[in-house]
Amino acid sequence: MKTHHAQARMQQRGVRNDTIDFILEHADCCVPRGNNREALSVSRTRLNKMCHEGHSVTQCDRAIDIILIIDAATGMIITVMHAEKGSRGRAYQRKPSRARGKQR
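### A closer look at helix H2 (residues 17-26)
Phase 1: Along H2, the positions that sit buried rather than exposed are Thr19, Ile20, Phe22, Ile23 and His26. The arc that holds every buried residue of H2, seen down its axis, measures 160°, which confines them to one face.
Phase 2: Against the buried residues of H2 lie helix H1 (4-13), strand S2 (37-41), helix H3 (44-52), helix H4 (57-63), strand S3 (66-71) and strand S4 (77-82).

Rendered as structure tokens:
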């Protein structure tokens, strides 16, 4: 489920629905952002492994540096953004931790 804001940002930033679904399914980085929100993304390491395991290279490329901000209580996607390089984007990128509900 996406907010109107998330839909607008997806269109503005050129992120497709199938890319959002892919990130939600395979996210391995989950960073708490306050107000019961989390930043979800798929690490480059995981994307490389997935490509070698037979996932679509195109799909993996589309998921690089895409971050979803979700409401942890409802699972609603609040916004979609590209990860920024340097200190501005660092707050949304930390070492991979298990994403919500995922077990290894």
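The structure having been displayed, the exposition proceeds.
### Digging into the confidence of the model for the protein chain
Phase 1: In the predicted model, the protein chain carries a mean pLDDT of 86, and the fraction of residues at 70 or more is 82%.
Phase 2: Per-element confidence in the protein chain is highest for H2, whose mean pLDDT is 96, and lowest for helix H5 (residues 87-90), whose mean pLDDT is 52.

### A closer look at the pattern of salt bridges
Any two side chains of opposite charge can pair, given that their charged atoms come close.
Phase 1: Applying the stated criterion to the full structure yields three salt bridges.
Phase 2: As a salt-bridge pair, aspartate 18 and arginine 16 come within 3.1 Å of each other at their nearest N and O atoms.
Phase 3: Aspartate 18 gets classed as partly exposed once you look at its relative accessible area, which sits at 29%.
Phase 4: Look at arginine 16 and you get partly exposed, because its relative accessible area is 43%.
Phase 5: A salt bridge links arginine 62 to aspartate 18, with the nearest nitrogen and oxygen atoms 3.9 Å apart. Taken together, the positions of arginine 62 in helix H4 and aspartate 18 in helix H2 put the pair 44 residues apart, joining distant regions of the chain.
Phase 6: One salt-bridge network, held together by shared partners, links Arg16, Asp18 and Arg62.

### Section: the pairing of S2
Phase 1: Summarising burial for S2: four of the five residues are buried, a large majority.
Phase 2: Alignment of strand S1 (residues 29-34) against S2, held across five bridges, turns out to be antiparallel. Bridged to cysteine 29 within S2 is serine 41.
Phase 3: Count of turn residues in the S1/S2 antiparallel hairpin: two residues, of which asparagine 35 carries a positive phi of about 55°.
Phase 4: For S2 and S3, the ladder comprises four bridges, and the chain directions are antiparallel. Within S3, the residue paired with glutamate 38 across the bridge is isoleucine 70.

### Looking at the sheet that holds S4
Adjacent strands of a sheet form backbone hydrogen bonds with each other and so pair up, either parallel or antiparallel.
Phase 1: Sheet architecture is open: four strands sit in the order S1-S2-S3-S4, paired in antiparallel fashion. At either end of the open sheet lies a strand with only one pairing partner, and these are S1 and S4. Taken pair by pair, the neighbouring strands of this sheet meet at an average axis angle of 25°, ignoring direction.
Phase 2: Relative to S4, S3 is paired through five bridges, and the arrangement is antiparallel. Note on S4: the bridge partner recorded for isoleucine 70 is isoleucine 77.
Phase 3: Here H2 sits on the sheet and contacts S2, S3 and S4; the angle it forms with S3, its principal contact strand, is near 70°.

What counts, and at which threshold
- Residues numbered from 1 in each chain as written.
- Predicted model: local features only at pLDDT ≥ 70, side-chain atom pairs only at ≥ 80, totals over all residues.
- Heavy atoms only, no water.
- Buried < 20%, exposed > 50% of the residue type's maximum accessible area, 1.4 Å probe, protein only.
- Helix = DSSP H or I, 4+ residues; strand = E, 2+ residues; numbered from the N terminus.
- Arc of directions from axis to C-beta.
- Contact = heavy atoms within 4.5 Å.
- pLDDT = per-residue confidence, 0-100.
- Salt bridge = Lys/Arg side-chain N within 4 Å of Asp/Glu carboxyl O.
- Pairing = 2+ DSSP bridges.
- Axes fitted to C-alpha atoms, helices over the stretch in contact; angles between N-to-C directions.

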